[in-house]
Amino acid sequence: MTTTTFTDETRERAREIIARYPADRSRSALLPLLHLVQAEEGYVSPAGVAFCAEVLGLNKAQVGAVATFYTMYKRKPTGDFLVSVCTNTMCNVLGGQEIYDTLAEHLGVGHDETTADGAITLEHAECLAACDYGPVMTVNYDFFDGVDASTAVGVVDELRAGGRPMPTRGARLCTLKEMAVQLAGFADERDGAVADGGPGEPTLRGLRLAQQHGVSVPGFDPNTPIRSKAEADKAAAEAKAKAEAAKPAPVEASAAPVKGGDGASAPTGVAEPAKPLESTEPAKPADASGSTTRDVKAPDDKSPQVRTAETRQPDADTAVPDAPGTKVPTDGTGTAPEAGDARSAEAAGVAANAPAGDGKPAGDEAGAQERNLTEAKAGTDADGAGPSDANETGAQK
């Protein structure tokens, strides 16, 4: 059983992460929190899952579902350096599989396995999104471009010897735990951590071709300064005022008297409303919806669950007898009840089944959980039954 106790620094950082989000949306902090626990343990352990569930008010199943979905969250101890070799189509054609096979034999490990010294974890990646630099591999998500079997072996040997080879692009290498701190949203405090790296030649190739052939966006002036927000707002207000001034003046109503239907004059200045033009084309039928049920607009204050219930089982005011999949409720005598009866029953059902909040799913009622834990520790249920009887009682409940 994992008994990891997270440090005070981790707990303080967890509170800082949660504070970045609205109070009723705190579960949005789950992704950076998983990186945070991985930064302390090197992977997301069962204790890390329990920690995230505790600070966010979730259950462990919810946290585990997220942690197992994303491959960047490791579920077992991982080495200081995660070496990922792209074996997808483009890199594979250029030798990616050969590089991976060579590293696997050299290190004596397979996919998602770690060397005995805990330094290297090897994995093959489906795509590292750098096809123009292939074949590529990454170390803790920093790129080594255009590698071959020999250079890849040189990189891992230097890592195992305690060195930090310089990536082709990006900052200086750091350990997986140090990387997880950055992914959790905290700055890398190492000296020169983000001072190196730059764009590669394939990335700049398009720009250089455009410069060589004089290709640019029409009207583009690279020397145009970027306006401040105040200048942009002022320009937008001027453009709006200019557009308003360009609008045609509204047509005033005729002041001539208009005869009413009885021959009397209508009040001065009141124009007779224009009659709609009669069309000679036949009226087009309304689009068929496949149902004879009338469209009933639900008030905005109704929840989606209530709207769904009304669609499936409308009350006497909204139901149509021949609507597909519907049946008008009756009181046993064949008479449809009043609409108010259906609404009362609906309100009672909603009151008895409160929707789950953002922090807890349905069924996670704290009182029931505490009661169950207390009974389990005491080895007896509320009626004084022994452990075996308590199990039977629990199953019946």
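Heads up: these notes are all about the structure in this document.

The rules behind the values
Residues numbered from 1 in each chain as written. Predicted model: local features only at pLDDT ≥ 70, side-chain atom pairs only at ≥ 80, totals over all residues. Heavy atoms only, no water. Helix = DSSP H or I, 4+ residues; strand = E, 2+ residues; numbered from the N terminus. Polar contact = N/O pair within 3.5 Å; in protein donor to acceptor, adjacent residues only side chain to side chain. Contact = heavy atoms within 4.5 Å. Buried < 20%, exposed > 50% of the residue type's maximum accessible area, 1.4 Å probe, protein only. Salt bridge = Lys/Arg side-chain N within 4 Å of Asp/Glu carboxyl O. Phe/Tyr/Trp six-rings, centres within 6.5 Å; stacked < 30°, edge-to-face > 60°. Lys NZ or Arg CZ within 6 Å of the ring centre and 35° of its normal. Pairing = 2+ DSSP bridges. Axes fitted to C-alpha atoms, helices over the stretch in contact; angles between N-to-C directions. Parallel < 35°, antiparallel > 145°, perpendicular 65-115°, else oblique. Nonpolar A, V, L, I, M, F, W, Y, C, P; charged D, E, K, R; others polar.

## Here we look at the side chain of Thr10
- Position of Thr10 among the secondary structure elements: in helix H1 (residues 8–18).
- Of note is the side chain of Thr10, whose polar atom sits 2.3 Å from the side chain of Glu40.
- Excluding residues that lie within four positions of it along the chain, Thr10 makes contacts with Leu36, Glu40 and Phe51.

## Digging into the environment of Arg20
- In this fold, Arg20 is placed in the loop between H1 and helix H2 (30–41).
- Residue class for Arg20 comes out partly exposed when judged on its relative accessible area of 39%.
- Contact partners of Arg20, with chain neighbours within four places excluded, come to Ala184, Gly185 and Phe186.
- For Arg20, the side chain forms a polar contact with the main-chain oxygen of Ala184, separated by 3.1 Å.
- A distance of 3.3 Å separates the side chain of Arg20 from the backbone oxygen of Gly185, its partner in a polar contact.

## Considering the pattern of salt bridges
- Throughout the structure, instances matching the rule amount to 11 salt bridges.
- Here Asp24 makes a salt bridge to Arg25, at a shortest N to O gap of 3.5 Å.
- Relative accessible area serves as the criterion here: at 44%, Arg25 is assigned to the partly exposed category.
- Where Arg160 meets Asp117, a salt bridge forms, and the shortest distance between an N and an O atom there is 3.3 Å. Taken as a pair, Arg160 in helix H7 (residues 149–160) and Asp117 in the loop between strand S2 (113–114) and strand S3 (120–125) lie far apart in primary sequence, 43 residues in all.
- Arg160 sits in the partly exposed class, given a relative accessible area of 36%.

## Re the packing of aromatic side chains
- Enumeration according to the criterion identifies 3 aromatic pairs in this entry.
- A ring pair is formed by Phe6 and Phe51, whose centres lie 4.8 Å apart and whose planes are at 40°; its orientation type is tilted. Residue Phe6 is found in the segment before H1, and its partner Phe51 is found in helix H3 (residues 46–56); the two are separated by 45 residues along the sequence. Just as Phe6 is buried, Phe51 falls in that class too.
- Aromatic side chains Phe69 and Tyr70 sit 4.9 Å apart centroid to centroid with 85° between the ring planes, which places their arrangement in the edge-to-face category.
- The exposed category is assigned to Phe69, whose relative accessible area is 61%.
- The residue whose ring lies beneath Arg169 is Tyr133, and the NZ or CZ to ring-centre distance is 4.0 Å.

## Some remarks on the pairing of S3
- The buried count for S3 comes to 5 of 6 residues, which makes it a mostly enclosed element.
- With 2 bridges connecting them, S2 and S3 associate as antiparallel partners. In the sheet register, Thr114 faces S3, and the bridge partner there is Thr121.

## Section: the packing of H2 against helix H4 (residues 60–67)
- Where H2 contacts H4, the two axes come as close as 11 Å, and the packing angle between them is 80°. As summarised for this structure, H2 and H4 are arranged roughly perpendicular, according to the angle between their axes. Residues Leu30, Leu31 and Leu34 of H2 touch H4, and the partners they reach there are Val63, Val66 and Ala67.
- Of the residues in the contact of H2 with H4, the class split is 6 nonpolar, no polar and no charged.

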